[in-house]
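Structure at a glance
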Amino acid sequence: MADTTNHETQLTRAETAQFLRSIADELDADKDRIRVAIGNKRVQLSPPERIATEATVTERSRRLRKDVEELELRFKWTPTKATAEAAADGGTPDDTQSE
């Protein structure tokens, strides 16, 4: 089963930087599990030491409408062993908490 949490919003540049910084701080914290805010939820994830990373930039020039630029960041991994152990102890690897 796949659970997906999606949230779209508009942020200022400073708010966007803070969102990215909060994820970076979680990754730097050297914990087995990180918490990422997605809308009104905090999703717990278990990234390993190495993470597959993809960055894509799309630039569209339009004659009759405004130009559009898009930056897409994708991080993909298989959860760490700690996640499987937490699930065996009664927790679930995809725990989410509403704020």
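Everything numeric here is computed off the predicted structure, so don't read it as measured data. (Residues numbered from 1 in each chain as written. Predicted model: local features only at pLDDT ≥ 70, side-chain atom pairs only at ≥ 80, totals over all residues. Heavy atoms only, no water.)

1. Observations regarding the overall build of the chain
In terms of helices and strands, the chain carries two helices and five strands. Of the regular secondary structure in the chain, the N- to C-terminal order runs α-β-β-β-β-α-β. Counting all 99 residues of the chain, 11% fall into the buried class. Within the chain, contacts between residues at least 6 apart in sequence are counted, and of these 48% link residues at least 24 apart. Carbon together with sulfur atoms contributes 47% to the accessible area of the chain, which is approximately 8600 Å² in total. (Helix = DSSP H or I, 4+ residues; strand = E, 2+ residues; numbered from the N terminus. Buried < 20%, exposed > 50% of the residue type's maximum accessible area, 1.4 Å probe, protein only. Contact = heavy atoms within 4.5 Å. Areas by Shrake-Rupley, 256 points an atom, 1.4 Å probe, with all protein chains shown as cover.)

2. Details of unusual backbone geometry
You will see that Asp30, though not glycine, has its phi angle at about 55 degrees, which is positive. Turning to its location among the elements, Asp30 is positioned in the loop between helix H1 (13-28) and strand S1 (34-38).

3. Remarks on H1
An ideal rise of 1.5 Å per residue puts 22 Å on 16 residues; H1 measures up with 22 Å between its terminal C-alpha atoms. Where H1 terminates, the next one or two residues include Asp30, which has phi positive at roughly 55 degrees. (Expected span 1.5 Å × (residues − 1).)

4. So, the pattern of salt bridges
What the rule picks out here adds up to three salt bridges. Note that Arg74 and Glu72 form a salt bridge whose closest N and O atoms lie 3.1 Å from each other. We classify Arg74 as partly exposed; its relative accessible area is 45%. (Salt bridge = Lys/Arg side-chain N within 4 Å of Asp/Glu carboxyl O.)

5. Looking at the confidence of the model for the chain
The pLDDT averaged across the chain works out to 86; a share of 81% of its residues lies at or above 70. Contacts for the low-pLDDT stretch residues 92-99, under 50 throughout, to residues beyond four places or in other chains number 22 contacts. (pLDDT = per-residue confidence, 0-100.)

6. Considering a nonpolar patch on the surface
Taken together, the side chains of Leu11, Phe19, Leu20, Val57, Leu71, Leu73 and Phe75 present a nonpolar region at the surface, about 670 Å² in accessible area. Ranked by residue count, the leading element in the nonpolar patch is strand S4 (residues 68-76), at three residues. By the secondary structure assignment, Leu73 is in strand S4. A relative accessible area of 43% means that Leu73 is categorised as partly exposed. (Patch = residues over 30% accessible without salt bridge, like charges linked within 9 Å, V, L, I, M, F, W, Y side chains within 5 Å.)

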